Amino acid sequence: MSEAAVIPQSQNAAWVLPSRGIVGMACLIVAEAAIFIIFIVAYLYYLGKSVTGPTPHDVLEIPIFTSICLFSSSATVHAAVSALHQGKRATTSLWLAATVLLGGIFLAGTAHEWYQLIVHDHLTIQTNLFGTTFYSLVGLHATHVVVGLIMLSLALVFSLTGSLTPRHTGKLEVLSLYWHFVDAVWVVVFTVVYILGR
């Protein structure tokens, strides 16, 4: 009498589709990344082709402190998402406030840099090709920082008023993805403008 072969049934992991928010933000990031690539290529293409000064070497200083602040804000916004998932409202507010503060310091540093360049070094967007591409690229990134800070500030207000609950973790995670993207873009911009471009 032959024994029937017993074939163990495989346990298939259930497919979990990403939320519409994650998909939407991913599509936005892809589109925004394409725009940044165009601006970065333009900056590199026209680098060194200005007929008149000043040049990047003449006027640019490496924004180390403000860049560290922006990079650190990725860690704080991640901590905010984790705290919200655990239902720690006070901790969530603390990390969101830290993120807004670090982003604000970076933005203030950019504003100070532009003030120095325009007032003291007389570099405007119309001065030469360097000025045009510099303000376009760095300004594009600064605009994204402003948008991110507005959304993070709103999340902070909602957290402080108790309107941000663990069931909103997915929405805060979508916002954190945008902020991580802004930080990642600055890694490239920082390298191209302040390291390679000088």
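Our subject is the structure that appears above.
Residues numbered from 1 in each chain as written. Predicted model: local features only at pLDDT ≥ 70, side-chain atom pairs only at ≥ 80, totals over all residues. Heavy atoms only, no water.

## Details of the environment of threonine 124
In this fold, threonine 124 is placed in the loop between helix H4 (89–120) and helix H5 (129–160). Placed 10 residues apart in sequence, threonine 124 and phenylalanine 134 show a C-alpha to C-alpha distance of 9.4 Å. Apart from residues lying up to four places away in sequence, threonine 124 is in contact with Ile118, Gly131, Thr132 and Tyr135. (Helix = DSSP H or I, 4+ residues; strand = E, 2+ residues; numbered from the N terminus. Contact = heavy atoms within 4.5 Å.)

## Side note on the packing of aromatic side chains
All chains considered together, the criterion is met by nine aromatic pairs. Aromatic side chains tryptophan 186 and phenylalanine 190 sit 6.5 Å apart centroid to centroid with 55° between the ring planes, which places their arrangement in the tilted category. Pair noted here: tryptophan 186 and phenylalanine 190 are both in helix H6 (residues 169–196), with a separation of four residues, about one helical turn. Exposure class is identical for tryptophan 186 and phenylalanine 190. Each is buried. Ring geometry for tryptophan 186 against tyrosine 194: centres 6.0 Å apart, planes inclined by 55°, an arrangement best described as tilted. For the pair tryptophan 186 and tyrosine 194, a shared accessibility class is recorded, and that class is buried. (Phe/Tyr/Trp six-rings, centres within 6.5 Å; stacked < 30°, edge-to-face > 60°. Buried < 20%, exposed > 50% of the residue type's maximum accessible area, 1.4 Å probe, protein only.)

## Some details on the side chain of serine 176
As for its placement among the helices and strands, serine 176 is situated in helix H6. There is a polar contact of 2.6 Å between the side chain of serine 176 and the backbone oxygen of glutamate 173. For serine 176, the contacting residues outside a window of four places in its chain are Val77 and Val81. (Polar contact = N/O pair within 3.5 Å; in protein donor to acceptor, adjacent residues only side chain to side chain.)

## Things to note about the nonpolar core
Core analysis: the biggest nonpolar cluster contains 42 residues, and Tyr43, Leu60, Leu96, Phe134, Leu172, Val193 and Tyr194 have the highest contact counts within it. Put simply, the parts of the chain that give this core at least two residues each are helix H1 (20–46), helix H3 (64–85), H4, H5 and H6. The greatest single-element share of this core, amounting to 14 residues, is contributed by H6. Once you skip the residues sitting within four places of it in the chain, phenylalanine 134 turns out to touch Tyr43, Leu60, Glu113, Trp114, Leu117, Gly139, Val193 and Tyr194. (Core = buried A, V, L, I, M, F, W, Y, C linked by side-chain atoms within 4.5 Å.)

## Things to note about the side chain of serine 67
For serine 67, the location among the structural elements is in helix H3. For serine 67, the contacting residues outside a window of four places in its chain are Phe106, Trp186 and Phe190.

## Structural notes on H5
In a regular helix each residue adds 1.5 Å, so 32 residues correspond to 46 Å; H5 covers 46 Å between its end C-alpha atoms and thus fits that length. Following H5 by one or two positions, glycine 162 adopts a phi angle in the positive range, close to 85°. (Expected span 1.5 Å × (residues − 1).)

## Quick notes on the packing of H4 against H5
Where H4 meets H5, the axes come as close as 9 Å, and the angle between the chain directions of the two elements is 155°. As summarised for this structure, H4 and H5 are arranged roughly antiparallel, according to the angle between their axes. In this structure, H4 crosses over H5, and the sense of that crossing is left-handed. Partitioning the contact of H4 with H5 into residue classes produces 19 nonpolar, 10 polar and two charged. (Axes fitted to C-alpha atoms, helices over the stretch in contact; angles between N-to-C directions. Parallel < 35°, antiparallel > 145°, perpendicular 65-115°, else oblique. Left-handed = near helix turned anticlockwise from the far one by under 90°. Nonpolar A, V, L, I, M, F, W, Y, C, P; charged D, E, K, R; others polar.)

## Notes on H6
For H6, spanning 28 residues, the distance from its first C-alpha to its last is 39 Å, which sits close to the expected 40 Å at 1.5 Å a residue. Helix geometry: H6 is bent most strongly at phenylalanine 190, by close to 25°. (Bend = angle between axes of the 7 residues up to and from the residue.)

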